[in-house]
Every structure is written in structure tokens, then in C-alpha cells.
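Observations on chain architecture
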There are 2 protein chains.
Amino acid sequence: MARGRKSVTIRDVAEDAGVSLQTVSRVVNGGPNVRAQLRDKVRASIDRLGYVPSLAAQRMSGSRSYIILAINDRERTLADWRERRGTDWVDQMLLGGILTCSKHGYRMMVELIDTHSDHVERELGAAISALQPDGVVLTPPHSENRLITALLAERDIPFARIGSMEPGPGIALTMGDDGAAHLAASRLIELGHRRIAMIAGPAQYSLSGWRIEGWKRALGEHGLPWEGLLEAGDFGYESGTRATRALLDRNPDLTAIIASSDQMALAALEVARDRGMSVPRDLSLVSFDNTPIVRFTQPPLTAIDQPISETVSRAVEQLILHGRDEGGDAVIEVAATLIERSSTAPAPPSISDAA
Amino acid sequence: MARGRKSVTIRDVAEDAGVSLQTVSRVVNGGPNVRAQLRDKVRASIDRLGYVPSLAAQRMSGSRSYIILAINDRERTLADWRERRGTDWVDQMLLGGILTCSKHGYRMMVELIDTHSDHVERELGAAISALQPDGVVLTPPHSENRLITALLAERDIPFARIGSMEPGPGIALTMGDDGAAHLAASRLIELGHRRIAMIAGPAQYSLSGWRIEGWKRALGEHGLPWEGLLEAGDFGYESGTRATRALLDRNPDLTAIIASSDQMALAALEVARDRGMSVPRDLSLVSFDNTPIVRFTQPPLTAIDQPISETVSRAVEQLILHGRDEGGDAVIEVAATLIERSSTAPAPPSISDAA
DNA sequence: ACAAGTCTTGAGAACGCTCACAATATGCGC
DNA sequence: GCGCATATTGTGAGCGTTCTCAAGACTTGT
């Protein structure tokens, strides 16, 4: 006889236990109407033979594929990856997703999709046709892409939009970007800062807007102006350098910066150092993301921790458990927190204070 | 009529193009014997209808599943992830793998498996039965786990072992750990260092041994002793702290350390700083991995860059292209390089030199 | 003890595709 | 123009599972 390469099928189990295929299938799927005695017998056969149902066959006949597809932005991911900037976002997503999926007998697959519009439909369409996933997790900036959400809705595939505060279509999950920015700014105000700048993310990410909102709101609550204190970057290091320089040039009295990504904060730290400013003595710095990097800089950075894993985990759970329910278009919020490290300190006595 | 939720099948294409299913199948799979005229007609139908074959169905009937499974160590990955240490290894692997897979029409799936022996067979067996992958990529420490390689061989699934210098079974791919350690040590010797310590990785990783070999060899070539200069860690930060302290306590004349992971190097940097030693003036530091973190420490660390993405990419390519060939048990080497940053400098004039 | 219901089990079709093979068309040498 | 080899197309079965539906076994109320 040949190698034992043929795998154990449901038929083998059925024969071994002396029951029909259907009964085995019911036992495997926790079907309701099987006598305890038979169920145990089948279970024993399954264990002995080491039977595990074939995902492909399950997909073929059943209505579920047991696959959740996670969509990431190809351009940004690849750029980060090529330049060895770290792709912590993908990591967090992958692990949070995998763990929650496997808890429910699902698998997660990661797909990189171009933001560029003519690719979106083709690439996403192809992935969906090939995989026929039971749910899709969208990450920014795809989360609010009409083309994508329309495509998914048309194909009747449940989906979750990470990082979106807009209700429907699909499940929206936000990490409270406005609240987080508000928190960061408020804390800085509490520390005595009056001139607090923001390096925002790119406009096509709606969370960039929300962060700006939160920051403005905090300043407004204390009667502080924000004009001239806003610069936009693209989350990358270089853009952070440019933005920080512009901010510092324009505002000699600047004492604090909130950066919308760790990379941009790293850049700000470097620019400050180049200009002979000490962080946090002369300049306080708060970043967004809290990737592993910021714990090891000098000084370690105070950062808004974005609970990506948990958010994706919640998204996956919703998709698996309530995927097909008409979900009422709820917005789920997983709160971000401020991790204070050593890049923030009380504001230096200002020139006007001294006067 | 209901929503357009039913997907386009090969049958739809066949009808649209007025040919048989088989002909469409041949066109899709690049079959050799189809007249150009018909092929174009079928292609047109495929494009118009947006047909993409179902992975599940392909797996069911054909001999291939178009899935490559990447196995990672669950314990270490989860520990790194939970403590937000960064899981750069997974990242690099995932992206290198995904890209190469998609180039060949394959997909990559990531699976976390416990090292603990009774889990290994069950978990890996289950993953294989469910997914029936066309190839498996093993990462350390699974790369040399007999239980795993035996299981894969028995089921006749091609596999690649990343980070292994041992030929067969399966394809072995190494990043030249002995050579890399030799390179690091040699460079330090060139800089005038005589007392060069090594913080090794855990023994169950065979690459730990190879790195020790390379380091010893370099020292030996210059008549330098290594006794008392070796400590083992577990790749994690805390173990790096312990190891560095032990090394420094035992060897007051130590001027350089090679750490087998970035985390341990980070710890060494911290310990040195605590003891009032300046890096690189008093102590030179070389780390392994070159994760994004080490570019932003103060000083940025000189590191051995492990080309994980490229190695996994090569592994995937081998599996897809030559998976079933009796590969002759070759060992493929993808060379690591030394990235010099600011944590290495000429050795300080030693006490004996001064005497 | 009998009809009417419920619980349990099984049989057969179907999912979308590729395989092996059969049938037909085309080309070539003479 | 005939016969053979070769290129092209079509047919039917089967992959491993779940679905639908029907049949048999057991309850229950009267």
C-alpha cells in the first residue's frame, strides 16, 4: 500500500462508528438532535482517527467558509515594510484577528489592496470570489471607501470598519480618535502648556479629522487658539520632519506637539534635538500608536495607545457571531488610553510669564 | 429576483462563451492546447463576467489547494505581542510570504503552534487536515522539530525549514548565522576589541549554537579566548539584562558585546547606561535582527540584518515551484549583513596597553 | 391502546471545479 | 486525397461536506 497520504474523511469516521455521514456531520457541528450514546461513539471515532473536516469541502457544500478576510492598505504597508519602518498595525491586527478567529473555529486571511480606485474593485472582487469569506475586516483608509462598502453590501458579505465613527453600512469600530486627541491635549494644558501644536495624518483618513477635532475642542475649552498650530503629514518619518520644522519656525513659543503617528513623533524628537531643544524640558511630545519603538527612544515617548488588537478582535467576534443580523448599524468604541512616559513635562515658564 | 449574491461560476463563463466547462478550465489554468481564437473569446467572457475560480472548489477537485501555511511559535509570538515588544519576525515573514504567494496565485495562511510536544502533532495535524496546504514554511524553533518534520513527510507535504543549516528533510534555508556572528566579531576585533562577549539565544534554537560557533571561530582566529564571555538569554529583554550584568560583573575589562537579539541588545544598552558606561565609548554593542527599533535608540545600534522576508520569499518560491521534486536536500543560504550604526567604535585604550 | 406529535437517523442531491478519457478536428507525408 | 499522428474540444465521474427531505423510533395525552 502507498504512503498514508490520503486524509481521513467523514466517510471513514462514519464507517468506523457504524453510522451515516449525516450523523457524523451533526456531531461535528454540534447539531441538536443526536442521542448522547451515539454522539460519544462518534466522538470516539473522530478522536481515534484524528478526523478534522476539510475547510474546502465545508465551504463547497455549506453556507459558511470559516474564513474572515482582513484588508490592509497595500501601498502604505509595503512602503513601511520596504523601508523597515515596522508594520505594527498589521501585526496587531493579524494577531488579534487570528486569536479570535481560532477561538471560534475560523481562520483569518490577510489581503493587501491598493487604495487606487480602479484596483480596488478588481482586487477585492477577486479576493472575495476566490475565498468567499464569511466576513471582512476593513482597516483605514479602506474603512470608509464607498466603492468597497458598496461591493461588499452587494455581495451580501458582512463587514466591519475599523477606525470609523460613521454609523453604517456594516459594523463600525472606533478607537475614539477625537476623545484620544482631546485627552492628550487636555493633559498638556493641565501641565501648563498654552501653545500646543498638532501634526495630523493625511486627510483621506477620516480619523485624522477626528483627532484634529478633539485637539481643537480641548484648546477651545480653555480659550486657546489653534491657528497656525496645525500641520498635516502622511504618518511617515519624513513628513514629520517637514511638519515639525514648519511648526517650530512659525511658532517660536511652541512648547508641545501632538503627533498623529509614532514615526512623525520620532521625527519631531530628532528635529528638536537638532535645534538644541531638550525634550521634555523645552518641548513636550505626545504621539499616537504606541508602537514598541517609542519605549526605547531617549526619552521614551508619552503616547496614545491605540488598542488595535482588541478592536480587530471585537470586529471579528461581531462578524462571526452576528454577521448576518441586521446589526442596527451600531458604532462600537474601544477606548484609547494615554501612556505617560518621559517626553511630557510641565511647560517651561514662558517669556510672557517671566515679563 | 434576489440580490446578486450568487457568484459567477465556471459554468456561467462556459455558457457565455459557448464552450464547455473544461475549455474554460484550461484557459484559466493556462492549459496548453487551446486555439488562440477560442482562448481570447473565453478570456473576454471571464473579464466581462468578472470570473475568479473558487479556491475551495479548486481544492476539492484538483490536486492543489493554492495555500501555503506558515508556522510560527505560539508561545514566543504571543508573549512578544502581549507585552508589546513587537513581533517583527512575524511581520517580515507574513509580508515576504504574502507577496511571493500572490505572485504565483497562491495565498499564505499563518498558524501559531505550541512548541510543547503533545500539542504539536494535534495542532499541526488539524491545520493540515483542514487546510491541506501545498506547502509549509517552518520557522525556528519548529524548523528542526523531528515530530513536525516527520508528520509533514508522512503526509507527503513539501516543507521548508527557515533558519536551519542542517540538510534535509525538506528544504533548508539559513541566514548564515555562523557567518554573521563571525562577521560581527571580526569587525569588533578589527576595531581593536580583545574582550568580546556574546549573549546567545536559547539552546533549543539551533541558530543559537551556530552564532556561538561563528563568534568563537573569529576569536580563535586571532588567538583570543572566549571563556567567561558567553551568556545565554531567551531573546527577551529581561534575560538580556541578567546576561549583561553577569558579563560585566565577571569581566571588568569587557569592551564589546554581541547580543543575539535586538531586545537583549536594548537591555544591554540600558544596563551600560545604568552603570555609567557610555556606548560606544566604553562599550561597543552589536545586535541581531535589525528590527525597526534599533534605528531610533540613542545611539542607534549596529546590527546584523537578518533578511527574513527574503528568506521566506525564497522558501515559498521553492515550495510552489519545486515542491514535489525530490529536491536533493539542498541548503539555501541568504546572507545576513552587518549594518554599522553608532553603537560600535574603536576599543578604548586598555589598562594593560596603558601600563 | 391509538392517533398525533416529536426526536432521531439516513438517503440522495448539490456545491464548483479538475481529472481521465473519449470524440472530433486538423495537419502532414506520400 | 488517404491514412495516420497530433492538436483541440467535450463528457462524465468524483472530490468531502452539508443541505433538504423523508422515514423510522419514541413520547405523550386521552
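Residues numbered from 1 in each chain as written. Chains lettered and ligands numbered in written order. Predicted model: local features only at pLDDT ≥ 70, side-chain atom pairs only at ≥ 80, totals over all residues. Heavy atoms only, no water.

Here we come to the interface of chain A and chain B. Listed as interface residues are 60 residues of chain A and, on the opposing side, 60 residues of chain B. Together, W81, R84 and F296 of chain A form the three largest contributors to the area buried by chain A at its contact with chain B, with a combined 15%. Taken together, chain A and chain B are joined by four salt bridges. Salt-bridge contacts for E111 of chain A lead to R107 of chain B; the nearest nitrogen and oxygen are separated by 2.6 Å. (Contact = heavy atoms within 4.5 Å. Buried area = accessible area lost by both parts, 1.4 Å probe. Salt bridge = Lys/Arg side-chain N within 4 Å of Asp/Glu carboxyl O.)

This part takes up the domain arrangement of chain A. All names here are of chain A. Annotation of chain A at the domain level lists domain 1 (10-53), domain 2 (67-175 + 308-336) and domain 3 (178-304 + 339-354). Domain 2 and domain 3 are separated by 29 Å when their C-alpha centres are compared. Of the residues lining the interface, 10 residues belong to domain 2; the matching set on domain 3 comes to 14 residues. Taken together, domain 2 and domain 3 are joined by zero salt bridges. For the pair domain 2 and domain 3, the interface holds three residue pairs in polar contact (both at pLDDT 80 or more). (Domains from an automatic or database assignment. Polar contact = N/O pair within 3.5 Å; in protein donor to acceptor, adjacent residues only side chain to side chain.)

Turning to the relation of the copies chain A and chain B, a few remarks are in order. Two copies of one chain are present, and they are related through a rotation about an axis combined with an axial shift. In screw terms, the move from chain A to chain B is a rotation of 180° and a rise of 0.0 Å along the axis, fitting with an RMSD of 0.1 Å. One copy is carried onto the other by what is essentially a two-fold rotation axis. Residue by residue, 100% of the interface of chain A is reproduced at the interface of chain B, so both copies engage with the same surface. (Least-squares fit on C-alpha atoms with pLDDT ≥ 70 in both.)

Around DNA strand C, a shell composed of 25 residues is seen, among which T23 of chain A together with I10, Q22, S25 and S61 of chain B lie nearest. Here DNA strand C approaches the protein such that, of its atoms within 4 Å, sugar and phosphate make up 64%. Between DNA strand C and R26 of chain A, the relevant distance is 2.9 Å, taken from a base nitrogen to a side-chain nitrogen or oxygen of the residue. Here a phosphate oxygen of DNA strand C sits 2.9 Å away from a polar atom, N or O, in the side chain of R35 of chain A. Residue assignment for the surface near DNA strand C shows that the elements contributing at least two residues are α2 (21-28) and α4 (55-61) of chain A together with α2 (21-28) and α4 (55-61) of chain B. No other element matches the four residues that α4 of chain B contributes to the surface near DNA strand C. Residue composition of the surface near DNA strand C, grouped by class: nine nonpolar, 14 polar and two charged. (Near = heavy atom within 4 Å. Helix = DSSP H or I, 4+ residues; strand = E, 2+ residues; numbered from the N terminus. Nonpolar A, V, L, I, M, F, W, Y, C, P; charged D, E, K, R; others polar.)

Looking at DNA strand D, there are 26 residues lining it, with I10, Q22, S25, Y51 and S61 of chain A nearest. For DNA strand D, the fraction of protein-proximal atoms (within 4 Å) that sit in sugar or phosphate groups is 65%. I10 of chain A is positioned with one of its backbone polar atoms (N or O) 2.3 Å from a phosphate oxygen of DNA strand D. In this structure, a base nitrogen belonging to DNA strand D sits 2.2 Å away from a side-chain N or O atom of Q22 of chain A. Taken together, the elements giving at least two residues each to the surface near DNA strand D come down to α2 and α4 of chain A together with α2 and α4 of chain B. Of the residues forming the surface near DNA strand D, the biggest block, four residues, is contributed by α4 of chain A.

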